[in-house]
Amino acid sequence: LPVAAPLVTLVTPYSLRRGQSGQITLNGDGLAYSSVTSPSSAFTLNGVSASPAILNFNLAVADDAPLGAHTFAVSNSAGSANFVLAVNPKLPTLSIAPLPLAVAPDNVPRSFSIALSNPDTVAHTVDLVTSNAAIATVSPASLSVPPGQTTVLASVTGVSGGSTTLTLSSPS
């Protein structure tokens, strides 16, 4: 059978985070009988399966992999092609300060910090809600931590005596 040189037209997903593993799918032509070569030991490849138009493989990214774009190669007996995968920082975790967050029930807003454990390359939306608005409210209900930043401010207002739970969630 004649083999065509590989041509990569789409890489899904196009990025992974440090410490993350996932399946990478290459779409294109000439991918049957191809192999994938990683640019460094920061990447572990296995489970390569290929058809003429799709090549799948599992990729694990080391915790200390350099951030940014990395060029991989896909090759077969007729030639080779490059494709790029990006490495992003580890997914940050959320925290607040001060802890515990205690406020007087005097209807006066008080600021507190919401922090990401590390800067990221994408914005993070953070949704805030208290479990009992009759005791305390939070403002704003949603905010964004811009790329590269780690801290934003919100406020909590004590309404009446008691305790409530402040929940932070981030879909990104």
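This section reports on the structure supplied with the text.

1. A word on the sheet that holds strand β12 (residues 136–139)
Line of reasoning, step 1. Strand order in this open sheet of 4 strands is β9-β10-β14-β12, and the pairing throughout is antiparallel. This sheet does not close on itself; its edge strands, each paired only once, are β9 (94–97) and β12. Strand-to-strand twist of the sheet, defined as the mean angle between neighbouring strand axes without regard to direction, takes the value 30°.
Line of reasoning, step 2. Of the pairings in the sheet, the one linking β12 to strand β14 (residues 151–158) comprises 4 bridges and is antiparallel in character. By the bridge assignment for β14, Thr137 is matched with Thr157.

2. Some details on the pairing of strand β6 (residues 54–61)
Line of reasoning, step 1. Across 7 bridges, the pairing between strand β3 (residues 21–29) and β6 is antiparallel. Of the residues in β6, the one forming a bridge with Gly22 is Leu59.
Line of reasoning, step 2. Note that strand β5 (residues 43–50) and β6 share 6 bridges and pair antiparallel. Residue pairing for β6: Ser49 is matched across the bridge by Asn56.

3. Points about the environment of Ser144
Line of reasoning, step 1. Along the chain, Ser144 falls in strand β13 (residues 142–145).
Line of reasoning, step 2. For the pair Ser144 and Asp127, spaced 17 residues apart in sequence, the C-alpha separation works out to 8.8 Å.
Line of reasoning, step 3. Beyond its immediate sequence surroundings of up to four residues, Ser144 is in contact with Ala123, His124, Thr125 and Val152.

4. Some words on the layout of surface pockets
Line of reasoning, step 1. Within this model, the largest pocket holds a volume of roughly 270 Å³.
Line of reasoning, step 2. If you go around the largest pocket, you meet 19 residues; those closest to its centre are Leu101, Ala102, Val103, Ala136 and Thr164.
Line of reasoning, step 3. By residue class, the composition of the lining of the largest pocket is 12 nonpolar, 7 polar and no charged.

5. Considering the sheet that holds strand β2 (residues 15–17)
Line of reasoning, step 1. Taken together, 4 strands build an open sheet; the order of strands is β2-β8-β7-β4 and the sheet is mixed. Of all the strands in the sheet, just β2 and β4 (35–37) have a single pairing partner and so form its edges. The average undirected angle you get between the axes of adjacent strands in this sheet is 35°.

How each quantity is defined
- Residues numbered from 1 in each chain as written.
- Predicted model: local features only at pLDDT ≥ 70, side-chain atom pairs only at ≥ 80, totals over all residues.
- Heavy atoms only, no water.
- Pairing = 2+ DSSP bridges.
- Helix = DSSP H or I, 4+ residues; strand = E, 2+ residues; numbered from the N terminus.
- Axes fitted to C-alpha atoms, helices over the stretch in contact; angles between N-to-C directions.
- Contact = heavy atoms within 4.5 Å.
- 1 Å grid on protein atoms, 1.4 Å probe; cavity = no way out; pocket = protein on both sides within 12 Å on 5 of 7 lines; lining within 4 Å.
- Points joined across faces, edges and corners; volume = space filled by probe spheres on them.
- Nonpolar A, V, L, I, M, F, W, Y, C, P; charged D, E, K, R; others polar.

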